[in-house]
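Letter by letter, the chains look like this.
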Amino acid sequence: MTEPRIYLSPPDVTDVERKLLLEAFDSNWVAPVGPDLDAFEARCAELVGVRHAVALSSGTAALHLALIAAGVRRGDTVLVPSFTFAATANAVMYLGARPVFLDSTPESWNVDPQILADELRGRAVRGQLPRAVITVDMYGQCADYRPILEACDRYGVPLIEDAAEALGATYRDRPAGSFGLAGVLSFNGNKIVTTGGGGVLVTDDGSVASQVRHLSTQAREPVAHYEHRTVGYNYRLSNLLAAVGRGQLQRLPSMIEARRVTFEHYRAALGDLPGVSFLPVAGYGVPNWWLTCLLVGSPATRDRILAGLAREDIEARPTWKPMHLQPAYRDCVMRGGAVSADLFHRGLCLPSGSALTGHDRDRVVAAVRSVAAEQEG
Ligand SMILES: *Cc1c(COP(=O)(O)O)cnc(C)c1O
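What you see is a predicted model; the values in this text were computed from it and never measured.

Cut-off values and rules
- Residues numbered from 1 in each chain as written.
- Predicted model: local features only at pLDDT ≥ 70, side-chain atom pairs only at ≥ 80, totals over all residues.
- Heavy atoms only, no water.
- Patch = residues over 30% accessible without salt bridge, like charges linked within 9 Å, V, L, I, M, F, W, Y side chains within 5 Å.
- Areas by Shrake-Rupley, 256 points an atom, 1.4 Å probe, with all protein chains shown as cover.
- Salt bridge = Lys/Arg side-chain N within 4 Å of Asp/Glu carboxyl O.
- Helix = DSSP H or I, 4+ residues; strand = E, 2+ residues; numbered from the N terminus.
- Near = heavy atom within 4 Å.
- Polar contact = N/O pair within 3.5 Å; in protein donor to acceptor, adjacent residues only side chain to side chain.
- Nonpolar A, V, L, I, M, F, W, Y, C, P; charged D, E, K, R; others polar.
- Axes fitted to C-alpha atoms, helices over the stretch in contact; angles between N-to-C directions.
- Parallel < 35°, antiparallel > 145°, perpendicular 65-115°, else oblique.
- Left-handed = near helix turned anticlockwise from the far one by under 90°.
- Contact = heavy atoms within 4.5 Å.
- Pairing = 2+ DSSP bridges.
- Buried < 20%, exposed > 50% of the residue type's maximum accessible area, 1.4 Å probe, protein only.
- Phe/Tyr/Trp six-rings, centres within 6.5 Å; stacked < 30°, edge-to-face > 60°.
- Lys NZ or Arg CZ within 6 Å of the ring centre and 35° of its normal.

## Regarding a nonpolar patch on the surface
A cluster of nonpolar side chains, contributed by Leu22, Phe25 and Val30, occupies part of the molecular surface with about 280 Å² of accessible area. Along the chain, valine 30 falls in the loop between helix H1 (15-27) and helix H2 (35-48).

As structure tokens, this is what we get:
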């Protein structure tokens, strides 16, 4: 009998979400406006501990509008971690601004606070401060915000927090998403919770929230006829999808717990293999355990493990390919680069969905161990 395919991070939806979705459908709020959208935003703001949340069609749209709210314009510079998903840097390009990429620290795989501080200091001296800094909370673990905020505050540069992967994580007891001028959450299908596609911008700043809400609804002025003083976007989330999101948020604590158990299981079952190390958990916070990621001894071993998992119909992936190694970004400035390149060349992500069963985990572990045993032999 062949076993079913195991996915990296598939959606985990239940009757809770189904019921809310059908209720929204039956209410005829089948539009990017309605009571589920309001309730979903209120719950997101509450979870992140900020005053405002604006639900949008994607995390990428939230990044785009966050950068506009931070004042980023054509020709500006924005500091961005190289080790991230392309969406982070793409949003900078949409505005005709240029990313300057920064390397990661091996301690958390997030942006290296020292490289960030050095870059800001050097740019202050040259009179070339960036318009904004973006941090990413990688694989569900916060960046080190104490030194990062200190550096941004010293030079008066606004921070945008890309917490697309990190809903539910904390840094020194403060929730991911709450650290910058604005935070970005993603509800894409592979994230810890999903609306099937969606994003939320969270902020304590009422003027940022109202500007983003305005821009996301075609920048229509509040008059009877169609009046536009600026160019807007059609970036609002559907009320139907927000209903799904409400159900997912109710289940967030148990989904985080399921992913934590999976991480602990993989670490116990694979941690003894030669050359293997897991994404380090920094002492300053608690991750949401979105994906279990590890490094192995060499790029060749990493590729053999991925091939071995694929043979067993198990979806696993290399870690993010850094932006400074991407053809689309080859002309951009990079500060450092050896750490993020190594994370990419030796890193992989194991199946980590919150509905993963013990049997699934055993299949993953057996497949990884059998490749490791070949290596030994
Ligand atoms: C998923 C992700 C995004 C984009 O979110 P979408 O909702 O898919 O647009 C942005 N940044 C990071 C780090 C992500 O992982």
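## Details of the site of the ligand
Gly59, Thr60, Glu165, Ser186 and Lys191 are the nearest of the 15 residues found near the ligand. Within the contact set of the ligand, an oxygen atom lies 2.7 Å away from a backbone nitrogen or oxygen of glycine 59. Between an oxygen atom of the ligand and a side-chain N or O atom of asparagine 188, the distance comes to 3.4 Å. In the complex, 94% of the free accessible area of the ligand, which totals 370 Å², lies under the protein chains. Within the residue set of the shell around the ligand, elements represented by two or more residues are helix H3 (59-69) and helix H4 (86-94). Among the residues making up the shell around the ligand, the classes are represented as four nonpolar, eight polar and three charged.

## Let's talk about the packing of H3 against H4
Look at H3 against H4: their axes get within 9 Å of each other, and the N-to-C directions meet at 45 degrees. Here H4 runs oblique to H3, going by the angle between their axes. Once H3 is placed against H4, the crossing between them reads as right-handed. Contacts between H3 and H4 involve Thr60, Leu63, His64 and Leu67 from the former and Ala87, Thr88, Ala91, Val92 and Tyr94 from the latter. For the contact of H3 with H4, the class distribution of residues is six nonpolar, three polar and no charged.

## Regarding the sheet that holds strand S3 (residues 98-102)
If you trace the eight strands from one edge of the open sheet to the other, you get S1-S9-S8-S5-S4-S2-S3-S14, paired in mixed fashion. Both edges of this open sheet fall to strand S1 (52-56) and strand S14 (334-335), since each of them pairs with a single strand only. Summarising the sheet, strand S5 (residues 159-162) and strand S8 (residues 182-186) pair through three bridges and their orientation is parallel. By the bridge assignment, aspartate 162 is partnered in S8 with valine 184. Sitting on the sheet, H2 touches S1, S8 and strand S9 (199-203), and the angle it makes with S1 is about 130 degrees.

## Focus on the environment of arginine 229
Position of arginine 229 among the secondary structure elements: in the loop between helix H7 (206-216) and helix H8 (239-250). With relative accessibility at 69%, the residue arginine 229 sits in the exposed group. For the pair arginine 229 and glycine 168, spaced 61 residues apart in sequence, the C-alpha to C-alpha distance is 37 Å.

## Let's talk about the packing of aromatic side chains
Scanning the entire structure with this criterion turns up 15 aromatic pairs. Considering the side-chain rings of phenylalanine 83 and tyrosine 139, the 6.2 Å spacing of their centres and the 65 degrees angle between planes classify their relative orientation as edge-to-face. One end of the pair, phenylalanine 83, is in the loop between strand S2 (77-81) and H4; the other, tyrosine 139, is in the loop between strand S4 (132-136) and helix H6 (145-155), with 56 residues separating them in the sequence. Where phenylalanine 263 meets tryptophan 289, the ring centres are 4.9 Å apart and the plane angle is 40 degrees; that geometry is what we call tilted. With phenylalanine 263 in helix H9 (residues 252-270) and tryptophan 289 in the loop between strand S11 (285-286) and strand S12 (292-295), this pair connects stretches of sequence that are 26 residues apart. Residue class for tryptophan 289 comes out buried when judged on its relative accessible area of 11%. Chaining the aromatic ring pairs together yields one cluster made of Phe83, Phe85, Trp109, Tyr139, Trp290 and Trp320. Cation over ring: arginine 302 sits above phenylalanine 344, and NZ or CZ is 5.6 Å from the ring centre.

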